[in-house]
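A look at the structure
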Amino acid sequence: MHRTRTARQEDRMYRIPSRPQSGRRRPAAAGTDAGAPAPTAEITEYRGGVPVSAEQQATEHPGPQTVAAAIEHATRTGSIALVTYDHPDETEITALAETLSLPPLLVEDLIHGKQRPKLERHGDALFAVVRAAAYLDDQEDVVLTELHVVLQGRTVVVVRHGAERGAPWPTIDHTPVPPEVLDLGPESFLYAMLDQVVDGYGPVLDGIEVDVDEIERQVFTGDDAAPERIYRLSGEVIDLQRAVVPLRAVVARLRRGFDTHAVPRALQDYLQDVDDHLQRVAEHVAEVRDSLERILTVNATLVGQRQNEDMKRISSWAAILFTPTLVAAIYGMNFAWMPELAWHWGYPASIVLMLVLGLGLFWAFKRRGWL
């Protein structure tokens, strides 16, 4: 049975962190022609842990909204500029790199996707890669969205790779991060994102477990489609595991940097809670994968048993049919001198002999449960 999602769930957009509509800024001006593709950068300014309204931002610094202007204004006012990119092209990343003076290796990572979760420091820039997950129940498909996060100064940059351009960001059920936590600095946005990503793994695992239960019923009813479904779902679980397990190393590195980078105690506690949830998710993924492996083993065992039963039936009928065939073959050899050839009751006796042997074998095999 497939679960249904409400329209509200489908329309929700993934943002780091959640913010009210009034705090969303218009897309950054790119200076392109009317026929050019729309820019992918979206800028939001946070002050005191809450997004600044578009009206207030327009009053404080009117004019075209650009990434460079937003970063400069956030630095001057002590705010935090959150810049999100949805599948940016190389030109946009290059412009961002020039604004933030990012090193070439970091720029290369931002341009290219398909990276495992990791955490790196490039000078004064902190770079993290995480993978958010969503589950398409109808297709039994785990959709992974790769998110690149850069923290530098008062700027937080989030770049999305993986899903189709313009598609909704993966829905993640979570409790909005309190403003007092977001007010602790740019790293709080990374911690909030990790929290949302880890919480998003829960619904994915719930959806997979529903399908695992359905597959288990298929296996015991002898459905021939079960093995293919097991293999396909096992591949999706492996993809999810590759997103979850390396993320534990990312969180561990963040925790090791608490003292070095003077992380506030409140953020340390927050990340500890994220780490606890992540450990449970990793264990849950391992359990689901083990369940699929056990189901596959049980399916192979049941298939072997069914094949053995079929072989018993085939062998039994082969023996039953072989007996009269043997008698008929003996008397069909046409030798000049053979017993019973001249006997008046030879033909009826041979027919009776065939029936007796066949029925006797049928009774013997039936008694043993082979038929």
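A brief report on the enclosed structure follows. Remember, it's a predicted structure, so these values are computed and weren't measured experimentally. (Residues numbered from 1 in each chain as written. Predicted model: local features only at pLDDT ≥ 70, side-chain atom pairs only at ≥ 80, totals over all residues. Heavy atoms only, no water.)

**A look at the side chain of E187**
Operational definition: Where helices and strands are cited, they refer to DSSP runs of H or I of at least four residues and of E of at least two residues respectively, numbered from the N terminus. Here, two residues are considered to be in contact whenever any of their heavy atoms come within 4.5 Å of each other.
If you trace the backbone, E187 turns up in helix α7 (residues 187–220). Discounting chain neighbours no more than four positions away, the residues touching E187 are R121, L126, L151 and V263.

**Some thoughts on the packing of α7 against helix α9 (residues 265–331)**
The criterion, for reference: Inter-axis angles, ranging from 0 to 180 degrees, are taken between N-to-C directions of lines fitted to C-alpha atoms, where helices are fitted over the stretch in contact. An angle below 35 degrees is treated as roughly parallel, one above 145 as roughly antiparallel, one from 65 to 115 as roughly perpendicular, and anything else as oblique. Handedness of a helix crossing follows the sense of rotation of the near helix relative to the far helix, less than a right angle counterclockwise being left-handed and clockwise being right-handed. Each residue receives one of three labels: charged for Asp, Glu, Lys and Arg, nonpolar for Ala, Val, Leu, Ile, Met, Phe, Trp, Tyr, Cys and Pro, and polar for the others, Gly being one of them.
Running from amino to carboxyl end, α7 crosses α9 at an angle of 15 degrees, the nearest separation of the two axes being 9 Å. The angle between the axes of α7 and α9 places the two elements in the roughly parallel class. Here the hand of the crossing between α7 and α9 comes out left-handed. Classifying every residue of the contact of α7 with α9 gives 23 nonpolar, four polar and five charged.

**Some thoughts on the packing of α9 against helix α10 (residues 346–367)**
Where α9 meets α10, the axes come as close as 9 Å, and the angle between the chain directions of the two elements is 165 degrees. Taken together, the axis directions place α9 and α10 in an arrangement best described as roughly antiparallel. Where α9 crosses over α10, the handedness of that crossing is right-handed. Where α9 approaches α10, its residues S316, W317, A319, I320, T323, P324, V327 and A328 are matched on the opposing element by S350, L353, M354, L357, G358, L361, F362 and F365. Of the residues assigned to the contact of α9 with α10, the class counts are twelve nonpolar, four polar and no charged.

**Concerning the side chain of R131**
Note the threshold: Note on classification: 1.4 Å probe, protein chains only; a residue is buried when its accessible area is under 20% of the maximum for its type, exposed when over 50%, partly exposed between these limits. Here the positive residues are Lys and Arg and the negative ones are Asp and Glu; neither His nor the chain ends is included. A side-chain nitrogen of Lys or Arg and a carboxyl oxygen of Asp or Glu constitute a salt bridge if their distance falls within 4 Å. Polar contacts here mean pairs of N or O atoms no more than 3.5 Å apart (in protein, one a potential hydrogen donor and the other a potential acceptor; neighbouring residues in sequence count only if both atoms are side-chain atoms).
When you line up the elements, R131 lands in strand β5 (residues 125–136). The charged side chain of R131 is buried without a salt bridge, its nearest counter-charge being E146 at 4.1 Å. Separated by 3.1 Å, the side chain of R131 and the backbone oxygen of Q115 make a polar contact. Those residues in contact with R131 that sit more than four places away from it in its chain are K114, Q115, R116, P117, L144, T145, E146, V197, Y201 and A243.

Distances and angles like these do not, on their own, reveal function.
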